[in-house]
Amino acid sequence: MLRIERVSHAYGEIVSLRDVSLDLEAGEILCLLGPSGCGKTTLLRIVAGLETDYDGAIVFDGEDIRPVPVHRRGFGLMFQDFALFPHLSTADNIAYGLKRLGLNRREIGEKVQSLLQRVGLEDFDERDVASLSGGQKQRVALARSLAPNPRLLMLDEPLGSLDAQLRDQLALELRQIIKSAGLSAIYVTHDRREAYAVADRIAVMNIGSVRQHGSPRQVYRRPSCAFVARFLGLQNVYSTSDRRITSLLSRAGGGNWRIGSSILIHPAGIRHNGGQTNDAIPTELTLEAAVFRGERYDLTATTDSGLPLSFDLSELPVNVGEKLTVHILPDAIIPLDD
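Please read all numbers here as calculations on a predicted model, not as lab measurements. (Residues numbered from 1 in each chain as written. Predicted model: local features only at pLDDT ≥ 70, side-chain atom pairs only at ≥ 80, totals over all residues. Heavy atoms only, no water.)

Digging into the overall build of the chain
Move 1: Assigned secondary structure in the chain consists of nine helices and 18 strands.
Move 2: Looking at the chain as a whole, 47% of its 338 residues qualify as buried.
Move 3: Of the contacts formed within the chain by residues at least 6 apart in sequence, a portion of 66% connects residues at least 24 apart.
Move 4: Roughly 16,400 Å² of accessible area belongs to the chain as shown, and the carbon and sulfur atoms make up 46% of that amount. (Helix = DSSP H or I, 4+ residues; strand = E, 2+ residues; numbered from the N terminus. Buried < 20%, exposed > 50% of the residue type's maximum accessible area, 1.4 Å probe, protein only. Contact = heavy atoms within 4.5 Å. Areas by Shrake-Rupley, 256 points an atom, 1.4 Å probe, with all protein chains shown as cover.)

Dropping the structure here:
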């Protein structure tokens, strides 16, 4: 459906994208995930047609769309600030794009009511948008983006101005609404939790390049490089030249690790109970810190050699300062590119 082929872009001497290639299948949600300034919004603007000075190609349904102006691409855009018209009602904001399509009043009214129902705002049609909460404004902006039946929906940090709890709730709602509409979408965010909740596939970007892409589970379980692992919040990343990890790797049959490369010990493979398989590596730790997170404890502990390990458990097995033994599954020791 959509192919991004070796796209590069620069603002003067500053390179913002470097040879980026990605694809999007019909009905799929692709999330561009990365820190501020990594190039994800620039890539979105190029697909939308808002940036036209780039190398490479954007191909939609087999057509290179570089010469197609923004208003003829049939793409829907939704931004962090919602860009609603404050002088118009909720219904009139949603109807704005429909009027430009030449629909009659009855058709517009039926479409607006259908969209209000889809986003859960059935009784808000006459409400002044200035009186709406942040979450309600987000739903109005989404309904307005859906109104013209876009061929592709693009969302740039759509939940960025909302608090964390509301973001978690609305991320799930956004995915459900996009999927129920049968749309394909590109979703930009810097929040990994948001990406996990919304995306079918994630492309993790840094300094203008895609460092890894795959399903949320694939990217989280098997990060390809140290940057991706750390950006996803996986803290147990070490250089194999660090002597504190040498004994652990040797017990894992790790004599072939590349000196100078990085290793991730994935927290999902650190078990206190239930991990005592024949090939699991028993490791004695001293518990340094424990933070209660509701149903889990975030733990920080150190080996006898001083190697810190972060992981989580459903129960606190010992007190801070005491010893505990964990088992590290061999599959949790993941070599990383630098």
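Here we look at helix H4 (residues 134-146)
Residues spaced three or four apart along an α-helix point in a common direction, a consequence of the helix completing one turn every 3.6 residues.
Move 1: With 13 residues, H4 extends 18 Å from end C-alpha to end C-alpha; this agrees with the ideal 18 Å at 1.5 Å per step.
Move 2: In terms of burial, H4 is largely enclosed, as eleven of its 13 residues are buried.
Move 3: Buried within H4 are the following residues: Gly 135, Gln 136, Gln 138, Arg 139, Val 140, Ala 141, Leu 142, Ala 143, Arg 144, Ser 145 and Leu 146.
Move 4: For H4, the secondary structure elements touched by its buried residues are strand E6 (75-79), helix H2 (90-100), helix H3 (105-118), strand E7 (152-156) and helix H5 (164-180). (Expected span 1.5 Å × (residues − 1).)

Notes on the pairing of strand E4 (residues 55-60)
Move 1: Looking at chain direction, strand E1 (residues 2-11) and E4 are connected through five bridges and run antiparallel. Considered in E4, the bridge of Ile 4 is made with Ile 58.
Move 2: Taking the residues that link successive antiparallel strands as the turn, the E4-strand E5 (residues 63-64) hairpin has two residues, and the phi of Asp 61 there is positive, at about 50 degrees. (Pairing = 2+ DSSP bridges.)

Digging into the environment of Pro 69
Move 1: With respect to the helices and strands, Pro 69 occurs in the loop between E5 and E6.
Move 2: Owing to a relative accessible area of 34%, Pro 69 belongs among the partly exposed residues under this scheme.
Move 3: Residues Pro 69 and Thr 52, spaced 17 residues apart in sequence, show a C-alpha to C-alpha distance of 9.5 Å.

Observations regarding the nonpolar core
Move 1: Residues Leu 33, Ile 94, Val 112, Leu 142, Leu 153, Leu 155 and Tyr 187 are the most contacted members of the largest nonpolar core, which totals 47 residues.
Move 2: Ile 4, Val 47, Ile 58 and Met 154 belong to the second-largest nonpolar core, a separate cluster that totals 27 residues. (Core = buried A, V, L, I, M, F, W, Y, C linked by side-chain atoms within 4.5 Å.)

Observations regarding the sheet that holds strand E14 (residues 281-292)
Move 1: Sheet architecture is open: five strands sit in the order E13-E17-E14-E15-E16, paired in antiparallel fashion. Since the sheet does not close on itself, it has two edges, and those belong to strand E13 (270-271) and strand E16 (308-313), each with one partner.
Move 2: Pairing of E13 with strand E17 (residues 323-328) involves two bridges; the strand directions are antiparallel. Across the sheet, Ile 270 pairs through a bridge with Ile 328, a residue of E17.

Focus on the packing of aromatic side chains
Move 1: Taken as a whole and assessed by the stated rule, the structure comprises five aromatic pairs.
Move 2: Judged by centre distance (4.7 Å) and plane angle (50 degrees), the ring pair of Phe 85 and Tyr 96 falls under tilted. Taken together, the positions of Phe 85 in the loop between E6 and H2 and Tyr 96 in helix H2 put the pair eleven residues apart, joining distant regions of the chain.
Move 3: With a relative accessible area of 26%, Phe 85 lands in the partly exposed category.
Move 4: Judged by relative accessible area, Tyr 96 falls into the partly exposed class, the value being 38%.
Move 5: The ring of Tyr 54 carries the charged tip of Arg 66 above its face, separated from the ring centre by 4.0 Å. (Phe/Tyr/Trp six-rings, centres within 6.5 Å; stacked < 30°, edge-to-face > 60°. Lys NZ or Arg CZ within 6 Å of the ring centre and 35° of its normal.)

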